[in-house]
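Residue-level structural notes
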Amino acid sequence: MKEDFLHYLWKFKNFECTNLKTTSGLSITILQTGQYLEKAGPDFFNAQIVIADQKWAGNVEIHLKTSDWYLHHHEMDSAFDNVILHVVWEHDIEIYRADNSEIPVLELQDYVHSTTKLNYDNLRATKTWIFCEKQLVHANQFLLDNWLERLFFERLDRKSVAIEDHLVESNSDWEAVLFCLLAKNFGLNTNGDSFLQIAKSIPFSVIRKESFELKNLEALFFGMAGLLDSDKEDSYSNDLQFRYQYLMHKYQLEQPMVVPLEFYKHRPDNFPTIRLAQLAAIYYQIPNLFTTLMELSSMESMYQLFRISPSNYWKNHFVFEKQSPVKTKLISKSFIDLIVINTLIPVRFAYNQSLGIEETESLLQIIKSIAPEKNTIIDKFNFFGLPTHNAFQTQSLLQLKKEYCNKSKCLQCQIGIELIKGI
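We now turn to the structure provided with this report. (Residues numbered from 1 in each chain as written. Predicted model: local features only at pLDDT ≥ 70, side-chain atom pairs only at ≥ 80, totals over all residues. Heavy atoms only, no water.)

As a further point, take the state of the cysteines. For the structure shown, the criterion picks out 0 disulfides. For the unlinked cysteine Cys 410, the closest cysteine sulfur is that of Cys 132, found at 6.6 Å. (Disulfide = S-S within 2.5 Å.)

Given below as structure tokens:
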């Protein structure tokens, strides 16, 4: 048994609450269980309890055994002086505050229904993947839908933290923030960090000034990526190299230390050269990209906006110098889905939060119109009885797996809570 089970029992009063008594025989009536703090100090703050006709207001501490009070040295910590009740599974010793006054103890094991304990043990039994894998298929749909929505916005809250860091670095320039995050996502998992470093090495004021000349944008992106040199027998590459040297001098830029870009792990359409060329084309063709994206309300409008191909040189090239069959290399619908999921929606959510605007319904409408993502985690959820029909569900389940299943936080998960209740 883990202590979080006792936290759950107390928080939801999932035990026989009538005729409660302390280990010394005093009656207990719970008026308020208190606020679950989940941080250093007592577990529940500002509880209200009546013990032997005397009303108490204060904190509640929870342990598996009463002796854990001394094991954790709470008697020496003034933060625990205001504990009015010690809730334990097993009482094995009397405990006292620093002033030697005895702390009332409630031994929970005599008040917890055997079915509740059995449900907990079954949930926590070793499984092949996650604890609730065998019960997922029986999850209440209404409960699940509400929990997935909460998980989706939890995921956006977590992503907002990183966005706020970018906002500080850019002096609150949302266009610059979008540029950095868009670049990172254009690099995918393998080149994302390198693309982000490239974007950070170019002040967005330079992007604004040079966005009227596509070759200049390409020169900056390819040059900062270390993909240009004067030894190539390619007039296009040499032209970009000349432009790059001029722009570096003009804006007093410095060559960043970028991890060499990966090619061999990708299909040609995902080569970093193609993605950088597409990114340059976006900022050449769509002035004020951030403002434009904030006004779009449907995926269809986003598909139309990003239906962009790179410059003519890349129609018959995947890399410099080596020609290939002609292909327009339009940004694909599936790649636009990734951009919207990983860049646009998080940035839009963070931006609206900064303005105090709640935009839940429109964001849900957009994410629910995107096809479900495909990866091993989603495949596993599907296998265990949770089918996915859109990106809202897949994003929520990724949050569930990372922040709850992987951390064994079953008793902070609505699915786990209901399973223990036996509903």
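As a further point, take unusual backbone geometry. Trans peptide bonds make up the majority, and among non-glycine residues the majority have a negative phi. Here Leu 188, not a glycine, exhibits a phi torsion of approximately 55 degrees, which is positive. As for its position among the elements, Leu 188 is in helix H6 (residues 188-200). For Leu 188, a relative accessible area of 24% corresponds to the partly exposed category. A positive phi angle, near 80 degrees, is found at Glu 321, a position not held by glycine. (Helix = DSSP H or I, 4+ residues; strand = E, 2+ residues; numbered from the N terminus. Buried < 20%, exposed > 50% of the residue type's maximum accessible area, 1.4 Å probe, protein only.)

Moving on to empty space enclosed by the protein. Summed over all chains, the structure comprises 1 cavity of 30 Å³ or more. Quantified by volume, the largest cavity comes out at close to 100 Å³. Along its surface, the largest cavity is lined by Leu 123, Ile 130, Phe 131, Cys 132, Leu 400, Tyr 404, Cys 405, Lys 409, Cys 410, Cys 413, Ile 415 and Gly 416. When residues of the lining of the largest cavity are assigned to their parent elements, the largest contribution, 3 residues, is made by helix H16 (residues 391-405). Tallied by class, residues from the lining of the largest cavity come to 10 nonpolar, 1 polar and 1 charged. (1 Å grid on protein atoms, 1.4 Å probe; cavity = no way out; pocket = protein on both sides within 12 Å on 5 of 7 lines; lining within 4 Å. Points joined across faces, edges and corners; volume = space filled by probe spheres on them. Nonpolar A, V, L, I, M, F, W, Y, C, P; charged D, E, K, R; others polar.)

Moving on to the layout of surface pockets. If you add up the space inside the largest pocket, you get close to 1,300 Å³. For the largest pocket, the lining is made up of 42 residues, of which Asn 185, Leu 188, Asn 189, Leu 338 and Asn 342 are closest to its centre. Across the lining of the largest pocket, the residue classes break down as 16 nonpolar, 13 polar and 13 charged.

This paragraph deals with the packing of helix H13 (residues 333-355) against helix H14 (residues 360-368). Between H13 and H14, whose axes approach to 11 Å, the crossing angle comes to 175 degrees. Classed by the angle they form, the pair H13 and H14 counts as roughly antiparallel. Packed against H13, whose contacting residues are Val 340, Ile 341, Ile 345, Arg 348 and Phe 349, the element H14 presents Leu 363, Ile 366 and Ile 367 at the interface. For the contact of H13 with H14, the residue count by class is 7 nonpolar, no polar and 1 charged. (Axes fitted to C-alpha atoms, helices over the stretch in contact; angles between N-to-C directions. Parallel < 35°, antiparallel > 145°, perpendicular 65-115°, else oblique. Contact = heavy atoms within 4.5 Å.)

Turning next to the pairing of strand S4 (residues 44-51). For S4, a buried count of 6 out of 8 residues is recorded, marking the element as mostly surrounded by other parts of the structure. Where strand S3 (residues 35-36) meets S4, 2 bridges bridge the pair, whose relative direction is antiparallel. Note that in S4 the partner of Tyr 36 across the bridge is Phe 44. Alignment of S4 against strand S5 (residues 54-65), held across 6 bridges, turns out to be antiparallel. (Pairing = 2+ DSSP bridges.)

Pairs can form between side chains of opposite charge once their charged atoms are near each other. Throughout the structure, instances matching the rule amount to 12 salt bridges. A salt bridge links Lys 421 to Glu 418, with the nearest nitrogen and oxygen atoms 3.7 Å apart. Taken as a pair, Lys 421 and Glu 418 lie in helix H17 (residues 414-421) at a separation of 3 residues, close to a single helical turn. Look at Lys 421 and you get partly exposed, because its relative accessible area is 39%. (Salt bridge = Lys/Arg side-chain N within 4 Å of Asp/Glu carboxyl O.)

Right, let's talk about the packing of aromatic side chains for a bit. Two numbers describe a pair of aromatic rings. These are the distance of the centres and the angle of the planes. Counting across every chain of the model gives 30 aromatic pairs. Each ring, one from Phe 204 and one from Tyr 283, has its centre 5.9 Å from the other, and the planes form 75 degrees; the classification is edge-to-face. Remark: Tyr 283 occurs in helix H10 (residues 272-285) and Phe 204 occurs in helix H7 (residues 204-210); sequence separation between them is 79 residues. Note on accessibility: Phe 204 and Tyr 283 belong to one class, buried. With a centroid separation of 5.0 Å and an interplanar angle of 80 degrees, the aromatic rings of Phe 383 and Phe 384 are classed as edge-to-face. By way of ring pairs, the aromatic residues Phe 5, Tyr 8, Phe 12, Trp 89 and Tyr 120 are connected into one cluster. Above the face of the Phe 392 ring, Lys 368 is positioned so that its terminal group lies 4.9 Å from the ring centre. A cation over a ring is seen here: Lys 409 above Tyr 404, with NZ or CZ 5.4 Å from the ring centre. (Phe/Tyr/Trp six-rings, centres within 6.5 Å; stacked < 30°, edge-to-face > 60°. Lys NZ or Arg CZ within 6 Å of the ring centre and 35° of its normal.)

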